[in-house]
Amino acid sequence: MVVVMKPGFTPEQLQTAIRTMEEGGVKVMVSKGSETTILGAEGNAANVDQEKVSLLPGVERVMRVTEPYKKANRKYHPDDTVIDLDGGVTIGGNRLAVIAGPCSVENEEQIIGVAEAVKKSGAVALRGGAFKPRTSPYSFQGMGNNGIRLLQEAKAATGLPIVTEIMSTDNIEMFEMCVDVIQVGARNMQNFDLLKQLGKTSKPILLKRGMSSTIEEWLMSAEYIMAGGNSKVILCERGIRTFETFTRNTLDLSAVLAVKRLSHLPVVVDPSHACGKAWMVERMSMAAVAAGADGLIIEVHNDPKNALCDGAQSITPAQFDTLMGKLDTIASCVDRSL
């Protein structure tokens, strides 16, 4: 249930509405937007007297909400959420943010060199894998704790916030201390124990869509994190598994529009993992921006042919610089709000 208050309602009217809803056995979330204040019922609202609430002074209208996700739902929170990554760097609102860096941290020279290059081109944050989930147990699994240390050195050299993927609840304490944005990969999107623990952290969470997940399942995973108390969730579309084998995955740009209609959370697109082919990244990045994505996360490597992980989908710093120049033009013409 969602209760929309009238413009100019009094504090007394607001408290009366909250109290009346709570009498029905629900917890009430108050969302104060730029133009509208909304009361959202958290829990089973079957015992809330909808007609009684609708007749209260200061109440404009009452709506039933059928979607199972509440905190991530735009009906409860009509204004776009803007998330601070670190030191005023934000994602969300009507401004494009680009995160870039290599799939995996390989050595000090590589990660710092790429970090300096992408920052110069306009990236707002550095991505890099320290712990890598790989299909084959024989593939490079990342540098682990040493990778986190090198990411911190790259941040010290450039000032870019760090975005890296977490694999286990065992690492949450370290990530809370050492990382600016915690990424949940596609394979862990429905690792509910991990999501519950991340809900207790204070860090922004970049939540990638599972390779075979529906939009509702994706939003419900965000709900797990938000229900735990962490409202700083960034959704990431990275392609889904279909019958097509030419590309690594199938980039679902319609999901950007759908999610921005359904949710207030910012949405970024990962064209690198979606396509798996470096030559597609530029066009798919531009298409994502045109579709209204709040940001991009792009794999950039100084030597893709010799990369230890996903070199085929990585672009060079020079290619990234060219892409950023084109994105500025497209972004200036697009309104990312719905």
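In case you missed it, the structure is sitting above this.
Keep in mind that this is a model prediction, so the values were computed, not measured.

**A closer look at the overall build of the protein**
- Across its full length, the protein holds 11 helices and 14 strands.
- Relative to the globule expectation of 20 Å for 338 residues, the C-alpha radius of gyration of the protein, 21 Å, shows essentially globular dimensions.
- Principal axes of the C-alpha set define a box for the protein whose edges measure 70 × 45 × 40 Å.
- Partitioning the intrachain contacts of the protein with sequence separation of at least 6 by distance along the chain shows that 69% fall at a separation of at least 24.
- Accessible surface, the protein as shown: approximately 14700 Å² in total, 50% of it carbon and sulfur.
- Separation of charge centres in the protein, based on 36 positive and 39 negative side chains, amounts to 2 Å.

**Quick word on the sheet that holds strand β1 (residues 2–5)**
- With antiparallel pairing, the 4 strands of this open sheet are ordered in space as β2-β3-β1-β4. The open sheet is flanked by β2 (27–32) and β4 (59–63), the only strands paired with a single partner. On average, adjacent strands in this sheet sit at an angle of 20° to one another, irrespective of strand direction.
- Here β2 runs beside strand β3 (residues 37–42); their pairing, made up of 6 bridges, is antiparallel. Paired with Met29 across the bridge in β3 is Gly40.

**Observations regarding the pairing of β3**
- Most of β3 is tucked away, with 5 of its 6 residues classed as buried.
- Here β1 pairs with β3 via 3 bridges, running antiparallel. Residue Val2 lies in a different strand from β3, and its bridge partner there is Gly40.
- If you look at the hairpin formed by β2 and β3, you'll find 4 residues sitting between the two strands.

**With respect to the packing of aromatic side chains**
- All chains considered together, the criterion is met by 2 aromatic pairs.
- Between Phe131 and Phe175 the ring centres are 6.1 Å apart and the planes differ by 40°, which places this aromatic pair in the tilted class. Separated by 44 residues along the polypeptide, Phe131 in the loop between β8 (125–127) and α4 (145–158) and Phe175 in helix α5 (residues 172–178) bring together distant segments of the chain. The pair formed by Phe131 and Phe175 is uniform in burial state, with each residue classed as buried.
- When the ring centre of Phe246 is taken as reference, the NZ or CZ atom of Lys277 above it lies at 4.7 Å.

**Looking at the sheet that holds β8**
- In spatial order, the strands read β7-β8-β9-β10-β11-β12-β13-β14; together these 8 strands close into a barrel with parallel pairing. Between one strand axis and the next, the sheet turns through 30° on average, direction left out of account.
- As paired strands, strand β11 (residues 205–208) and strand β12 (residues 233–237) are joined by 4 bridges and run parallel to one another. Counted as the bridge partner of Ile205 is Val233 from β12.
- Its contacts with the sheet place helix α8 (residues 254–262) against β12 and β13 (267–269), and it is angled at close to 170° to β13.
- Sheet strands touched by helix α11 (residues 317–331): β7 (97–101) and β14 (295–299). Its angle to β7, the strand with the most contacts, is close to 175°.

**Side note on the pattern of salt bridges**
- Enumeration according to the criterion identifies 15 salt bridges in this entry.
- Linking Lys52 and Glu23 is a salt bridge whose minimum nitrogen-to-oxygen distance equals 3.9 Å. Here Lys52, found in helix α2 (residues 50–54), pairs with Glu23, found in the loop between α1 (11–22) and β2; they are 29 residues apart in sequence, far enough to count as distant.
- For Glu23, a relative accessible area of 56% puts it in the exposed group.
- Residues Arg127 and Glu299 are paired through a salt bridge, measuring 3.7 Å at the closest nitrogen-oxygen approach. Remark: Glu299 occurs in strand β14 and Arg127 occurs in strand β8; sequence separation between them is 172 residues.
- Judged by relative accessible area, which is 0%, Glu299 ranks as buried.
- Each of Asp86, Lys155 and Asp180 takes part in one network of salt bridges that share partners.

What counts and how
Residues numbered from 1 in each chain as written. Predicted model: local features only at pLDDT ≥ 70, side-chain atom pairs only at ≥ 80, totals over all residues. Heavy atoms only, no water. Helix = DSSP H or I, 4+ residues; strand = E, 2+ residues; numbered from the N terminus. Rg over C-alpha atoms; globule rule 2.2 N^0.38 Å. Contact = heavy atoms within 4.5 Å. Areas by Shrake-Rupley, 256 points an atom, 1.4 Å probe, with all protein chains shown as cover. Lys, Arg positive; Asp, Glu negative; His and termini not counted. Charge placed at Lys NZ, Arg CZ, Asp CG, Glu CD. Pairing = 2+ DSSP bridges. Axes fitted to C-alpha atoms, helices over the stretch in contact; angles between N-to-C directions. Buried < 20%, exposed > 50% of the residue type's maximum accessible area, 1.4 Å probe, protein only. Phe/Tyr/Trp six-rings, centres within 6.5 Å; stacked < 30°, edge-to-face > 60°. Lys NZ or Arg CZ within 6 Å of the ring centre and 35° of its normal. Salt bridge = Lys/Arg side-chain N within 4 Å of Asp/Glu carboxyl O.

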